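# What the coordinates show
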Amino acid sequence: MLWRNDIRIVVGLGFAYCHTASACQEICTNTDWEELTGHYKTNTVLQYDEKLDKAVSWGKPAFAKRAERKSKAQDEPKSVGLFKLHLGKLQDDLKPKIPVDYKIAITDYFREMGKLIKSKINNHWPDMNFHENVLLVISVLAEYSKKEMAIIRESEAAAIYCMKKCLKEYSLASIGTTFMIVDCSGGTVDLTTCKIEDENQLSEITERTGDYCESSFIDEAFLKYLSSIVGDSTINILKDKKSKSLQYMVQHFCRKAKFPFTGEDPDFCYELDILDIIKVLRKCVKDEIKEKLDKINWLIEIDYEKIKSMFDPIVERILNMIETQLNNSRDECSIMFLVGGFGQSKYLKNRIEEKFKDRVKTIVVPKDLIAAVVRDATLYGLSLYDQLEEKIPFILKNQILNYTYGIKVLMELTKSDPPELKTIDGYVEKFHCIAKRGTVIDIDKEILVSDLCPINEFQSSATFYIYFTKEYHPKYCAGMELLGTLKIDLSDRGPNRSVSFALSFGQMELTATARNETNGQNYHAIFKIDEDLGVSKKKCNYINN
């Protein structure tokens with residue numbers, strides 16, 4: 001990443017901020033939100049107008065409230081949440097249905113957040129040019145693909161906090177200590193196992209793993225069970241016409257059942273008084289179902305076993321992920337940190353302790369972690385700034401690649417190659433591996449690929465197509481995902497222009513360089529992210545010697 005010399009403020013969304021002249025000693029965390037004070041984050045929710053053309057409120061004001069009596073006969077404003085689940089590779093049938101395009105929702109949310117940030121920055125530093133002097137750092141979940149990642153993974157921000165504070169509390173902040181982060185937030189669960197290399201640096205010792213199994217799926221299980229009683233059509237009407245009332249009911253379930261459930265009390269029971277919590281539901285129910293609900297006074301009781309069955313599919317997946325991480329680690333895990341919203345579930349913690357108590361001695365839920373993650377996104381941004389009087393080093397020394405990376409090259413067709421892959425020029429497009437999945441890569445260390453040359457001597461430029469895959473030993477690019485293209489200017493001409501090509505894996509991005517080995521000239525390389533993440537049909541301009 002190239003730093004602009006005029007960056008003066010670093011802002012971690014969502015949000016903390018700091019002037020580069022004061023470094024990490026004066027990082028400020030915002031706790032003043034509309035209708036919400038004393039909290040480090042606000043709700044990721046938007047409310048739109050009737051035509052869904054404009055977001056009229058965001059955060060806490062857009063969140064569910066008990067419906068007013070005078071509005072119960074009217075359609076309620078559309079509340080939109082969970083839109084960030086659409087960023088990842090979650091199956092389409094599991095993605096929450098929202099009434100606006102998720103890209104529009106994310107854009108609208110960041111726009112409103114940006115207004116608040118800009119106001120706060122201008123109040124502190126009136127002469128600051130927001131668009132030229134401010135760097136925004138966005139936390140992105142580790143399971144999102146390279147296309148969806150921006151600057152820092154949330155699990156790494158959590159690792160920063162755990163290394164600097166939590167390990168010291170348990171007298172484990174020594175070189176060689178291995179710990180695991182189980183990050184249950186934002187719709188995904190991400191696992192990272194790290195080892196302390198020195199006072200300020202960590203190394204990954206296993207591949208990061210992630211899955212879409214966060215607590216929002218428990219909410220969906222609750223609605224599914226409720227629909228079995230009141231009817232699918234009733235829940236669909238509520239989603240379409242009374243979304244805020246439905247959201248309020250789900251939040252009541254969370255407060256009274258999901259959050260307090262520990263699995264320790266077999267007599268645990270959740271009571272949903274429909275006439276009190278969501279009276280509007282009565283008007284949406286079919287007549288034959290009304291008769292059944294009248295007999296139970298519109299009071300639905302959900303017992304211990306049913307609530308447990310809502311938790312267990314998600315919890316079992318998390319347990320399996322943890323077991324895989326522990327099996328893949330050569331070092332003993334000294335401590336495990338459960339972070340994120342669902343990480344605070346007592347039931348989840350009890351199940352993890354029950355299964356892994358003999359393998360991990362200490363399992364804890366850190367205090368004040370939300371504030372720390374918000375703050376450490378800013379700290380990460382500061383670590384990239386070379387002009388600080390006191391340099392803040394990269395926290396992560398190396399990483400283990402989750403994918404295999406390589407480029408498409410043209411090679412002569414052989415008998416072992418599928419004939420249908422033959423190009424009109426008689427070549428076959430093959431995958432040339434640059435870095436294999438599972439490889440330990442030091443941050444910003446270059447990996448060289450040599451003996452590449454243009455197809456013809458008159459070629460003035462060349463384009464690499466960079467692919468990534470979960471396979472360890474791929475041979476062809478067919479079926480892979482295109483990460484992006486890399487264009488290289490060839491300012492000289494002639495035959496036998498051998499080129500060396502290098503990729504370095506930073507915490508933020510892939511950086512590429514190229515060099516003419518014949519005359520020593522360095523080529524200008526431009527990395528371009530492909531917007532559609534589709535397999536390119538364009539011809540590759542490089543052939544392997």
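Residues numbered from 1 in each chain as written. Predicted model: local features only at pLDDT ≥ 70, side-chain atom pairs only at ≥ 80, totals over all residues. Heavy atoms only, no water.

Time to look at the pairing of strand 15 (residues 269-273). Taking every second residue as pointing to the same face, the buried face of strand 15 carries Tyr270 and Leu272, while none of Cys269, Glu271 and Asp273 on the other face is buried. As defined by bridge partners, strand 15 adjoins strand 16 (residues 299-303) across 5 bridges and the pair is classed as antiparallel. Among the inter-strand pairings, Glu271 is bridged to a residue of strand 16, identified as Glu301. (Buried < 20%, exposed > 50% of the residue type's maximum accessible area, 1.4 Å probe, protein only. Helix = DSSP H or I, 4+ residues; strand = E, 2+ residues; numbered from the N terminus. Pairing = 2+ DSSP bridges.)

Glancing now at the nonpolar core. Core analysis: the largest hydrophobic core is formed by 59 residues, its most contacted members being Val182, Phe222 and Ile322. Per-element accounting of this core gives the leading share, 11 residues, to helix 9 (residues 304-328). Filtering out sequence-adjacent residues up to four positions away, Val182 remains in contact with Val189, Asp190, Leu191, Ile318, Ile322, Met336, Phe337, Leu338 and Val339. Formed by 23 residues, the second largest nonpolar core is a distinct cluster that contains Phe15, Val80, Ile98 and Phe130. (Core = buried A, V, L, I, M, F, W, Y, C linked by side-chain atoms within 4.5 Å. Contact = heavy atoms within 4.5 Å.)

Of the residues in the protein, 77% reach a pLDDT of 70 or more, and the chain-wide mean stands at 78. Within the model, the stretch residues 146-152 combines pLDDT values under 50 with 32 contacts to residues more than four positions away or in other chains. Taken together, the stretch residues 528-545 has pLDDT below 50 and engages in 65 contacts with residues farther than four places along the chain or on a different chain. (pLDDT = per-residue confidence, 0-100.)

The subject of this paragraph is the side chain of Lys120. Relative to the assigned elements, Lys120 resides in helix 1 (residues 102-124). Buried and unpaired, Lys120 has no salt bridge, with Asp32 as the nearest side chain of opposite charge at 4.4 Å. Apart from the residues within four sequence positions on either side, Lys120 is in contact with Phe15, Tyr17, Asn30 and Asp32. (Lys, Arg positive; Asp, Glu negative; His and termini not counted. Salt bridge = Lys/Arg side-chain N within 4 Å of Asp/Glu carboxyl O.)

The strand order across the open sheet formed by 3 strands is 7-6-8, and the pairing between neighbours is antiparallel. Lying at the two open borders of the sheet, with one neighbouring strand each, are strand 7 (55-58) and strand 8 (78-81). Within this sheet the neighbouring strands show an average axis-to-axis angle of 30°, counted without direction. Packing against the sheet, helix 6 (residues 243-258) makes contact with strand 6 (45-48) and strand 8, and its axis sits at approximately 50° to strand 8. (Axes fitted to C-alpha atoms, helices over the stretch in contact; angles between N-to-C directions.)

So, on to the environment of Asp303. Summarising the element assignment, Asp303 is placed in strand 16. Here Asp303 falls in the partly exposed class, since its relative accessible area comes to 43%. Spatially, the C-alpha atom of Asp303 lies 6.4 Å from that of Tyr270, the residues being 33 residues apart in sequence. Not counting residues within four places of it along the chain, the set of residues in contact with Asp303 comprises Phe268 and Cys269. Within the local environment of Asp303, its side chain forms a polar contact with the backbone nitrogen of Lys306, the two atoms lying 3.0 Å apart. (Polar contact = N/O pair within 3.5 Å; in protein donor to acceptor, adjacent residues only side chain to side chain.)

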